[in-house]
Amino acid sequence: GAVVSQHPSRVICKSGTSVKIECRSLDFQATTMFWYRQFPKQSLMLMATSNEGSKATYEQGVEKDKFLINHASLTLSTLTVTSAHPEDSSFYICSASPGGRVTEAFFGQGTRLTVV
Amino acid sequence: AQSVTQPDIHITVSEGASLELRCNYSYGATPYLFWYVQSPGQGLQLLLKYFSGDTLVQGIKGFEAEFKRSQSSFNLRKPSVHWSDAAEYFCAVGSPDSNYQLIWGAGTKLIIKP
């Protein structure tokens with residue numbers, strides 16, 4: 001299957017700083033990328049959907065000024081957690097779709113963010 | 001309301017025993033159904049999916065699932081589990097009419113007894 005690489009796999013940052021997470025589709029062009037957040041022992045929560053070259057669509061309740069998403073190319077999307085706080089600590093997962101459909105998406109390995 | 005229910009938060013089975021993980025859904029449209037596996041600290045890997053056709057779907061790693069429309073279920077099965085199958089399993093439902101949303105179950109943690 002297609003490969004989606006997410007980096008870093010783990011990051012620890014200080015409260016108030018910003019953290020950037022990268023999501024790359026390695027062997028296909030991703031028309032659409034999805035960003036999820038997973039709380040401990042819970043399922044995935046879709047945060048936003050991004051299409052290459054356009055602004056991301058955020059789900060209700062997700063602060064777009066806090067979670068900045070950039071999808072500048074067909075193989076790269078980034079999620080920047082700005083002014084991170086301990087409550088932002090979580091597992092963030094991206095997925096990428098070659099055809100724009102979530103039903104065809106492939107997942108990255110996830111990023112464990114810890115804000116101290 | 002659209003929802004996916006995985007009734008078992010965790011299941012413990014002995015290595016070599018058979019496995020069935022339950023998934024029930026409530027969905028207004030024709031569903032696309034998925035099972036994903038997540039190993040500790042890892043992303044999600046697609047085990048199998050059902051879009052249409054044969055209601056018994058074969059996936060990777062020896063898993064299969066059966067779509068039963070009358071029961072709104074899509075249970076995952078494996079005839080003989082291996083210790084490496086220990087992970088979290090998620091059922092998800094999507095729609096051919098919606099490009100951007102999957103409805104996720106809460107997951108079932110599979111524990112393998114030696």
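Residues numbered from 1 in each chain as written. Chains lettered and ligands numbered in written order. Predicted model: local features only at pLDDT ≥ 70, side-chain atom pairs only at ≥ 80, totals over all residues. Heavy atoms only, no water.

### Focus: the state of the cysteines
All names here are of chain B.
Right, so step 1: Within the structure shown, the criterion is met by two disulfides over all chains.
Right, so step 2: Each sulfur in the disulfide pair Cys23 and Cys91 lies 1.9 Å from the other. Note on the Cys23 and Cys91 pair: the S-S dihedral is about -65°, so by sign convention the disulfide is left-handed. Of this pair, Cys23 sits in the loop between β3 (19-21) and β4 (24-26) while Cys91 sits in strand β10 (residues 87-95); the two residues are 68 residues apart in sequence, bridging distant segments of the chain. The exposure classification of Cys23 matches that of Cys91, with both residues buried. (Disulfide = S-S within 2.5 Å. Helix = DSSP H or I, 4+ residues; strand = E, 2+ residues; numbered from the N terminus. Buried < 20%, exposed > 50% of the residue type's maximum accessible area, 1.4 Å probe, protein only.)

### A word on the interface of chain A and chain B
Right, so step 1: Of the residues lining the interface, 22 residues belong to chain A; the matching set on chain B comes to 20 residues.
Right, so step 2: Here chain A meets chain B over a buried area of about 1,600 Å², counting both sides, of which 54% is carbon and sulfur.
Right, so step 3: The tally of links from chain A across to chain B stands at three residue pairs in polar contact (both at pLDDT 80 or more).
Right, so step 4: Broken down by secondary-structure element, the contributors of at least two residues to the side of chain A that touches chain B are β4 (32-38), β5 (44-51) and β9 (90-97) of chain A.
Right, so step 5: Its residues placed into classes, the side of chain A that touches chain B shows nine nonpolar, eleven polar and two charged. (Contact = heavy atoms within 4.5 Å. Buried area = accessible area lost by both parts, 1.4 Å probe. Polar contact = N/O pair within 3.5 Å; in protein donor to acceptor, adjacent residues only side chain to side chain. Nonpolar A, V, L, I, M, F, W, Y, C, P; charged D, E, K, R; others polar.)

### Quick look at the pattern of salt bridges
Residues and elements named next belong to chain B.
Right, so step 1: All told, the structure shown has six salt bridges over all chains when counted by the stated rule.
Right, so step 2: Residues Glu64 and Arg77 are paired through a salt bridge, measuring 3.2 Å at the closest nitrogen-oxygen approach. Of the two residues, Glu64 is situated in strand β8 (residues 64-68) and Arg77 in strand β9 (residues 73-78); the sequence distance between them amounts to 13 residues.
Right, so step 3: Of the residues examined, Arg77 reaches a relative accessible area of 23% and is grouped as partly exposed.
Right, so step 4: Salt-bridge contacts for Asp85 lead to Lys78; the nearest nitrogen and oxygen are separated by 2.8 Å. Both residues of the pair, Asp85 and Lys78, count as buried. (Salt bridge = Lys/Arg side-chain N within 4 Å of Asp/Glu carboxyl O.)

### Structural notes on the pairing of β4 of chain A
All names here are of chain A.
Right, so step 1: Counting buried residues along β4, seven of its seven residues qualify, which places the element largely inside the surrounding structure.
Right, so step 2: Side chains of β4 alternate between two faces, with Thr32, Phe34, Tyr36 and Gln38 and Met33, Trp35 and Arg37 buried alike.
Right, so step 3: In this structure, β4 lies alongside β5, joined through seven bridges in antiparallel fashion. In the strand pairing of β5, Tyr36 is matched with Leu46.
Right, so step 4: Following β4, the chain reverses through five residues before pairing antiparallel with β5; Lys41 in that reversal takes a positive phi of roughly 60°.
Right, so step 5: Summarising the sheet, β4 and β9 pair through seven bridges and their orientation is antiparallel. (Pairing = 2+ DSSP bridges.)

### Considering the environment of Gly59 of chain B
Residues and elements named next belong to chain B.
Right, so step 1: Along the chain, the position of Gly59 falls in the loop between β7 (56-58) and β8.
Right, so step 2: Owing to a relative accessible area of 26%, Gly59 belongs among the partly exposed residues under this scheme.
Right, so step 3: In the structure, Gly59 is positioned eleven residues away from Leu48 in sequence and 4.5 Å away in space, judged by C-alpha atoms.

### Let's talk about unusual backbone geometry
Right, so step 1: Omega for the bond connecting His7 of chain A with Pro8 of chain A falls within 30 degrees of zero, at 0°, which places this linkage in the cis form.
Right, so step 2: With respect to the helices, strands and loops of the structure, Pro8 of chain A is situated in the loop between β1 (4-7) and β2 (10-13).

### Digging into the sheet that holds β1 of chain A
Residue and element names in this part refer to chain A.
Right, so step 1: On the basis of which strands lie adjacent, the open sheet formed by four strands has the order β1-β3-β8-β7 and antiparallel pairing. Across the chains shown, the open sheet's two edge strands, defined by having one partner strand only, are β1 and β7 (67-73). Within the sheet, the average angular offset between the axes of one strand and its neighbour, ignoring direction, is 15°.
Right, so step 2: Pairing analysis gives five bridges linking β7 to strand β8 (residues 76-81), with the strands arranged antiparallel. Residue pairing for β8: Ser73 is matched across the bridge by Leu76. (Axes fitted to C-alpha atoms, helices over the stretch in contact; angles between N-to-C directions.)

Geometric descriptors of this kind do not, in isolation, establish any biological role.
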